[in-house]
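# Descriptive structure summary
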There are 2 protein chains.
Amino acid sequence: MKQGQASIAFQNPVHVVGMASVAGKKEGEGPLGHTFTEVDEDPMLGKDNWEAAESELQRRAGELAMKDAGVEKERIRYLFAGDLLGQLIATSFGVMSFNIPTYGLYGACSTMGEAMSLAAMMVDAGNADHVMAMASSHFASAEKQFRFPLAYGNQRPYSATWTVTGCGCTVLGTAGGYARITGVTPGKIVDLGVKDSMNMGAAMAPAAADTIYRNLEDFHRKPGDYDRIVTGDLGTVGQTLLMELLAEKGVDIGGQHMDCGIEIFDAQKQDTHAGGSGCGCSAVTLCGLILNKLRKREWKRVLFVPTGALLSSTSFNEGQSVPGIAHGVVLEAV
Amino acid sequence: MKQGQASIAFQNPVHVVGMASVAGKKEGEGPLGHTFTEVDEDPMLGKDNWEAAESELQRRAGELAMKDAGVEKERIRYLFAGDLLGQLIATSFGVMSFNIPTYGLYGACSTMGEAMSLAAMMVDAGNADHVMAMASSHFASAEKQFRFPLAYGNQRPYSATWTVTGCGCTVLGTAGGYARITGVTPGKIVDLGVKDSMNMGAAMAPAAADTIYRNLEDFHRKPGDYDRIVTGDLGTVGQTLLMELLAEKGVDIGGQHMDCGIEIFDAQKQDTHAGGSGCGCSAVTLCGLILNKLRKREWKRVLFVPTGALLSSTSFNEGQSVPGIAHGVVLEAV
């Protein structure tokens, strides 16, 4: 790639050789329910608090992904993982038992893209035969962290999204499996001044547009060169804005765009308003629908672009805007 | 490296070609004050709140490091950065103006080691000519996040550390500069069950011992092969425990060990109890004392091991233990 371009086209084979998704009851009842590895009806996952429940999602997804790959934990050289909670507390307690050298990541809801990117670079560089990448979110731990305690029963505007309870985990290797990772387009922080924490889709759409546009430019591709261009959790409001922003640059992805947040729930029946969100939203959609479509070669090439809104309760209370970031990963059928 | 070993010995040149440290008044008055690039006497750094002040530390350190390296921001291909605050809010707003593709990291106070490791791997792999790595902390934003508001005026036990106000930033390239990075030893999450958030040194010492021991084993080195083995912020209490844990494995680093947290303040005169802490503590000590000693060849080889305590106010309130993590980076004189 040329100076000024952030994308990397991998020189060596990087394959997704194992995956798992563990999701909650509401996600299991949604349109993608049948694609998940495991659905747990208990929102506490047998634990004492929401944070421990989210850690349990990570532990189970990690174990299942390693089993799916047929790789023992001693052979996973590095783990890239993250979640939405302050100080990545779900991750620290979720992955500790694996005893794998760990890089903690925070990219808000773009974390699965960030983790997949860095893990893929490690395999491409020959630094590891097997690397694991995972991200999680939990509806209740996220509401407690970012908005209101559940017991408060506040009303939610129609632009609001519903945080997915789930963890997606992939094991990367050098051959076979579900799909190849052929390149990445790392995300920049983009801020168009959106200040509404109940309208994350609008905050993230500019970053998604930036990453998608740079990906197409850097790889000399048209939208039609992808079977799907998959954003993380823009929801219906963010999707409209994404289309507008790309149209301004002369790019039309109307025939290819899919948003995990729109797919994961039936907004009418499940009362989820603008769609699903959270690190887990794109992670479980990847480790279910997307990788299976690639494995069956129903899709040949997908641009996976999880989107993150960079805010905290502190930045929100201090009146700051909500910048976005989106990390792009190119997946191709083997 | 063999199966089961996490360390990487770089095959290609990775150099620290620029650096900067921006620190607060108390740090400027300490024993390392003369080594910092810039000291700002104003704890708010001219901003409206503590979080914005910490973001300003990052922005200034980044600008100064690029200037020191003689590299324009358009030529920095990636940025690895993090801080201690929930959702990395100091980083998001601190580095946004650079417009550089960014990977947000959370490794608690080990973040500078995590950032240097991943940035170095990118250069070694040929994915970038220039990559930036930075980490920050701010006394007031950290106290607000983890302990008590400053106005509460609570007493601090002697095992407590004092969060450093500062940001250290390095620019990595392929030749010249202050030092070479010749290898890394990624950290595992280690939990010996410490539950005292006022005794972080004890929580982090087991992780530091694990990383140092694995580094010596993986690279077939003795402690004397390093001029210094530098931990991040164990403080006096953690240092004693680190020595004991390594002695149990037959390793004596008494002649080489240095802790940034112990060096950065004069504990007697500055009333900082067990020492300094925070991501910024090891970051400004690296981007001052350590890299200058290497540049002058007073030290030939250093193992830099920033140490992190993986807790949040939520995990503490829920009675969880405090696991630790430590990322090792091998620096050698050019």
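Residues numbered from 1 in each chain as written. Chains lettered and ligands numbered in written order. Predicted model: local features only at pLDDT ≥ 70, side-chain atom pairs only at ≥ 80, totals over all residues. Heavy atoms only, no water.

### Considering the overall build of chain A
- The number of helices and strands found in chain A is 11 helices and 16 strands.
- Its C-alpha atoms give chain A principal-axis dimensions of about 50 × 50 × 35 Å.
- Across the 334 residues that make up chain A, the buried fraction comes to 68%.
- Contacts in chain A between residues far apart in sequence, at least 24 positions, make up 79% of those at least 6 positions apart.
- Entry remark: accessible area of chain A is about 10900 Å², with carbon and sulfur atoms responsible for 47%.
- A distance of 5 Å separates the average location of the 28 positive side-chain charges in chain A from that of its 37 negative side-chain charges. (Helix = DSSP H or I, 4+ residues; strand = E, 2+ residues; numbered from the N terminus. Buried < 20%, exposed > 50% of the residue type's maximum accessible area, 1.4 Å probe, protein only. Contact = heavy atoms within 4.5 Å. Areas by Shrake-Rupley, 256 points an atom, 1.4 Å probe, with all protein chains shown as cover. Lys, Arg positive; Asp, Glu negative; His and termini not counted. Charge placed at Lys NZ, Arg CZ, Asp CG, Glu CD.)

### Structural notes on the pairing of strand S10 (residues 228-231) of chain A
Residue and element names in this part refer to chain A.
- In this sheet, strand S13 (residues 301-305) lies alongside S10 in parallel orientation, the contact comprising four bridges. The residue of S13 that forms the bridge with Thr231 is Val305.
- Bridging between S10 and strand S11 (residues 257-259) involves three bridges; their strand directions are parallel. Residue pairing across strands places Ile229 opposite His257, the latter belonging to S11. (Pairing = 2+ DSSP bridges.)

### Description of the nonpolar core
- Ranked by internal contacts, the top residues of the largest apolar core, which has 181 residues, are Phe80(A), Ile290(A), Leu331(A), Phe80(B), Ile290(B) and Leu331(B).
- The residues touching Phe80(A), leaving out its near neighbours within four places in the chain, are Tyr103(A), Leu105(A), Ala115(A), Leu118(A), Ala119(A), Met122(A), Val131(A), Met132(A), Ala133(A), Met134(A) and Leu118(B). (Core = buried A, V, L, I, M, F, W, Y, C linked by side-chain atoms within 4.5 Å.)

### A word on the pattern of salt bridges
Residue and element names in this part refer to chain A.
- Using the criterion set out here, one finds 28 salt bridges over all chains in the structure.
- Residue Arg180 is joined to Glu332 by a salt bridge in which the shortest nitrogen-to-oxygen separation is 3.5 Å. With Arg180 in strand S9 (residues 179-185) and Glu332 in strand S16 (residues 328-332), the pair connects residues that are 152 residues apart, well separated along the chain.
- The exposure class assigned to Glu332 is buried, which follows from its relative accessible area of 11%.
- In this structure, Lys222 and Asp225 form a salt bridge, with 3.7 Å as the shortest nitrogen-oxygen distance.
- Asp225 sits in the partly exposed class, given a relative accessible area of 28%. (Salt bridge = Lys/Arg side-chain N within 4 Å of Asp/Glu carboxyl O.)

### Brief notes about the packing of aromatic side chains
- A full pass over the atoms with the stated rule returns six aromatic pairs over all chains.
- Seen from their ring centres, Phe80(A) and Tyr103(A) are 5.0 Å apart, and the 15 degrees between their planes marks the pair as stacked. Here the residue Phe80(A) occupies a position in strand S4 (residues 78-82), and Tyr103(A) occupies one in strand S5 (residues 102-104), the gap between them amounting to 23 residues.
- In this structure Tyr103(A) comes out as buried when scored by relative accessible area, which is 0%.
- For the pair Tyr78(B) and Tyr103(B), a centre-to-centre distance of 6.2 Å together with 55 degrees between the ring planes defines the contact as tilted. Separated by 25 residues along the polypeptide, Tyr78(B) in strand S4 (residues 78-82) and Tyr103(B) in strand S5 (residues 102-104) bring together distant segments of the chain. Neither Tyr78(B) nor Tyr103(B) differs from the other in exposure class; each is buried.
- An aromatic cluster of at least three residues, connected via ring pairs, comprises Tyr78(A), Phe80(A) and Tyr103(A). (Phe/Tyr/Trp six-rings, centres within 6.5 Å; stacked < 30°, edge-to-face > 60°.)

### So, the relation of the copies chain A and chain B
- The two copies are related by a screw motion: chain A maps onto chain B through a turn of 180 degrees and a shift of 0.0 Å along the axis, at an RMSD of 0.0 Å. On the angle and the small slide along the axis, the relation comes out as a two-fold axis. (Least-squares fit on C-alpha atoms with pLDDT ≥ 70 in both.)

### Observations concerning the side chain of Thr285(B)
Residues and elements named next belong to chain B.
- Residue position: Thr285 is located in helix H10 (residues 279-295).
- Exposure remark for Thr285: the relative accessible area of 0% places this residue in the buried category.
- Leave out the neighbours within four places in its chain, and Thr285 touches Leu32, Met258, Cys260, Ile264 and Ile290.

### Some details on the packing of helix H6 (residues 200-218) of chain A against helix H7 (residues 235-248) of chain A
All names here are of chain A.
- Look at H6 against H7: their axes get within 8 Å of each other, and the N-to-C directions meet at 40 degrees. The angle between H6 and H7 falls in the class oblique. When the axes of H6 and H7 are compared, the crossing they make is right-handed. Here Gly201, Ala202, Ala205, Pro206, Ala208, Ala209, Ile212 and Tyr213 of H6 come into contact with H7, specifically with Gly238, Leu241, Leu242, Leu245 and Leu246. (Axes fitted to C-alpha atoms, helices over the stretch in contact; angles between N-to-C directions. Parallel < 35°, antiparallel > 145°, perpendicular 65-115°, else oblique. Left-handed = near helix turned anticlockwise from the far one by under 90°.)

### Remarks on the pairing of S13(A)
Residues and elements named next belong to chain A.
- Among the five residues in S13, four count as buried, and that is most of the element.
- Bridge count between S13 and S16: four bridges; the pairing is antiparallel. Residue Phe304 lies in a different strand from S16, and its bridge partner there is Val329.

### Points about the environment of Phe316(A)
Residue and element names in this part refer to chain A.
- Tracing the chain through its elements places Phe316 in helix H11 (residues 313-317).
- Sequence-wise, Phe316 and Gly166 are 150 residues apart; in three dimensions their C-alpha atoms are separated by 25 Å.
- With near-sequence residues (within four places) excluded, Phe316 lies in contact with Lys195 and Ser197.

### Comments concerning the environment of Ala283(A)
All names here are of chain A.
- Here Ala283 is to be found in helix H10 (residues 279-295).
- Taking relative accessible area as the criterion, Ala283 reaches 0% and is therefore assigned buried.
- Excluding residues that lie within four positions of it along the chain, Ala283 makes contacts with Met112, Ala135 and Gly168.

### What about unusual backbone geometry?
- If you check the backbone angles, Asn99(A) has positive phi at about 60 degrees while not being a glycine.
- Within the secondary structure, Asn99(A) sits in the loop between helix H3 (89-95) and S5.

### Some thoughts on the side chain of His130(A)
- You can see His130(A) is positioned in the loop between helix H4 (111-124) and strand S6 (131-137).
- Sequence-distant contacts of His130(A), defined by excluding residues within four places in its chain, comprise Val17(A), Val71(A), Arg75(A), Ile76(A), Arg77(A), Tyr78(A), Val171(A), Leu172(A) and Gly173(A).

### What about the confidence of the model for chain A?
- The predicted model of chain A has a mean per-residue pLDDT of 94, with 97% of residues at 70 or higher.
- Listed scores for the predicted complex are pTM 0.96 and ipTM 0.95. (pLDDT = per-residue confidence, 0-100.)

### Quick look at the interface of chain A and chain B
- Across the contact, 58 residues belong to chain A and 58 residues belong to chain B.
- The junction of chain A with chain B conceals about 4600 Å² of combined surface from both sides, 58% of it contributed by carbon and sulfur atoms.
- For the chain A face of the interface with chain B, the top three residues by lost area are Gln87(A), Tyr103(A) and Ile189(A), together amounting to 16%.
- The tally of links between chain A and chain B comes to two salt bridges.
- Lys144(B) is the salt-bridge partner of Glu318(A), the closest N and O atoms lying 3.2 Å from each other.
- There are 20 residue pairs in polar contact (both at pLDDT 80 or more) connecting chain A and chain B. (Buried area = accessible area lost by both parts, 1.4 Å probe. Polar contact = N/O pair within 3.5 Å; in protein donor to acceptor, adjacent residues only side chain to side chain.)

### Observations regarding H6(A)
Residue and element names in this part refer to chain A.
- Helix length check: H6, at 19 residues, gives a terminal C-alpha distance of 27 Å against a target of 27 Å (1.5 Å per residue), a fit within 8%.
- In the structure, H6 departs most strongly from a straight axis at Pro206, where the bend amounts to approximately 25 degrees.
- With 17 of 19 residues buried, H6 lies mostly within the body of the structure.
- Two residues or fewer after H6 comes His220, characterised by a positive phi angle close to 55 degrees. (Expected span 1.5 Å × (residues − 1). Bend = angle between axes of the 7 residues up to and from the residue.)

### Some remarks on the state of the cysteines
All names here are of chain B.
- In total, this model carries zero disulfides over all chains according to the counting rule given.
- Between Cys260, a cysteine without a disulfide, and Cys281, which holds the nearest cysteine sulfur, the sulfur-to-sulfur distance is 5.5 Å.
- The exposure class of Cys260 is buried, given its relative accessible area of 0%. (Disulfide = S-S within 2.5 Å.)

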